[in-house]
Amino acid sequence: MSDDVRVEYRKYDGSLHWNMAVHRLGEDEHGVWLGAPADSVMRKGHGPEVPCPEAQVLLFPRQGWWTAAFNAAPRSTEIYCDITTPPEWRSASLVTMVDLDLDVIRKRGKPTPLLVDEDEFAEHQVRYGYPADVIEQAAAAAQWLMRQVGDGAEPFTTVYRSWLAHVE
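Definitions and limits used
Residues numbered from 1 in each chain as written. Predicted model: local features only at pLDDT ≥ 70, side-chain atom pairs only at ≥ 80, totals over all residues. Heavy atoms only, no water. Pairing = 2+ DSSP bridges. Helix = DSSP H or I, 4+ residues; strand = E, 2+ residues; numbered from the N terminus. Contact = heavy atoms within 4.5 Å. Salt bridge = Lys/Arg side-chain N within 4 Å of Asp/Glu carboxyl O. Buried < 20%, exposed > 50% of the residue type's maximum accessible area, 1.4 Å probe, protein only.

1. Comments concerning the pairing of strand 9 (residues 88-91)
And step 1. Note: strand 9 against strand 10 (residues 94-107), three bridges, orientation antiparallel. Across the sheet, the residue bridging to Glu88 is Thr96, located in strand 10.

Next comes the structure, spelled out in C-alpha cells:
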C-alpha cells in the first residue's frame, strides 16, 4: 500500500461527520479504491477514535451519488453504501462528500440489501433544507444501489474481494 488519503464525510451544513485516514490501493473501471487494515480507527466529527477491528476497502466512483465500504469477516455488515453527493477529490490526499443519510447495506450471508435511515433523510430534508434536485438524486442513487447490490452486479459481488485481499 502506498499513499495516505484523508476521507471526510460532511453533513449538508458543512460540519465534519465520519472521517479517517486510509491508503490508496488503486483504480479500476468502478472508481478509486482505498483500504484500511484491521484495527484502524475512524472518528465521528472531532469525537474520540472509533476502532475498526476488521479490514475494509472503500470505493469512490468517478460519477455517482454514493460511496461504498466493503468489510472483512467477521463483521456482520459486508457492504455499506452511503448515499452522498458525488465524491470530490480536493487533492490526491483528500476526498470529501456530503453524507445524505440514506444507506444501502447488505448483511453477511444475506442476498437482499436493506435501505436504512429513511427517517433521518426525511428529517434532514427539513433541518438542512435539501434542494429538490439533491433529494431526487439521493433517492435515485438509493434505488439504483438496491438493484445493483440485490442483483449481484459488480463491484458488489466479487471485484471488491481482490481489493480487500490487499489489506487483510
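2. Quick look at the environment of Ile83
And step 1. Take Ile83: it is sitting in strand 8 (residues 77-84).
And step 2. Distance from Ile83 to Leu100, taken between C-alpha atoms, is 5.5 Å for residues 17 residues apart in sequence.
And step 3. Residues in contact with Ile83, not counting those within four places in the same chain, are Trp65, Trp66, Val98, Asp99, Leu100, Asp101, Leu102, Asp103, Ala138, Ala141, Ala142 and Leu145.

3. Focus: the pattern of salt bridges
And step 1. Enumeration over the complete set of coordinates arrives at 13 salt bridges.
And step 2. The residue Lys11 makes a salt bridge to Asp99 at a minimum N-O spacing of 3.4 Å. Residue Lys11 is located in the loop between strand 1 (4-10) and strand 2 (16-28), and its partner Asp99 is located in strand 10; the two are separated by 88 residues in the primary sequence.
And step 3. Since its relative accessible area comes to 5%, Asp99 is described here as buried.
And step 4. Residues Arg106 and Glu78 are paired through a salt bridge, measuring 3.4 Å at the closest nitrogen-oxygen approach. Note that Arg106 is positioned in strand 10 and Glu78 in strand 8, a separation of 28 residues in sequence. No difference in accessibility class separates Arg106 from Glu78, as the two residues are buried.
And step 5. Three or more residues are tied together by salt bridges with common partners; here these are Lys11, Asp99, Asp101 and Glu120.

4. Here's the deal with the pairing of strand 1
For a regular strand, side-chain orientation follows a simple rule: the groups alternate between the two sheet faces.
And step 1. For strand 1 and strand 2, the ladder comprises six bridges, and the chain directions are antiparallel. Along strand 2, the bridge assignment pairs Glu8 with Asn19.
And step 2. Adjacent in sequence and paired antiparallel, strand 1 and strand 2 are bridged by five residues, among which Gly14 carries a positive phi angle near 95 degrees.

5. Thoughts on the environment of Lys107
And step 1. Note on placement: Lys107 falls in strand 10.
And step 2. Measuring from C-alpha to C-alpha, the distance between Lys107 and Ser91 comes to 33 Å, with 16 residues separating the pair along the chain.
And step 3. Among all residues touching Lys107, those that are not within four sequence positions of it are Ser76, Thr77 and Glu78.

6. Here's the deal with the side chain of Lys11
And step 1. On the basis of relative accessible area, Lys11 is assigned to the buried category, the value being 7%.
And step 2. With near-sequence residues (within four places) excluded, Lys11 lies in contact with His17, Val98, Asp99, Asp101, Glu120, His124 and Tyr128.

7. Concerning unusual backbone geometry
And step 1. Residue Pro74 is reached from Ala73 by a cis peptide bond, and omega for that bond is 10 degrees.
And step 2. With respect to the helices and strands, the residue Pro74 is situated in the loop between strand 7 (66-71) and strand 8.
And step 3. The peptide bond linking Glu154 to Pro155 adopts the cis configuration, its omega dihedral lying at 15 degrees.
And step 4. One non-glycine residue, Asp39, lies in the positive phi region at around 70 degrees.
And step 5. Checked against the element boundaries, Asp39 lands in the loop between strand 3 (31-36) and strand 4 (40-44).
And step 6. Backbone geometry places Asp117, a non-glycine residue, at a positive phi of 70 degrees.
And step 7. Mapped onto the elements, Asp117 comes out in the loop between strand 11 (114-116) and helix 1 (118-127).
And step 8. Exposure remark for Asp117: the relative accessible area of 28% places this residue in the partly exposed category.

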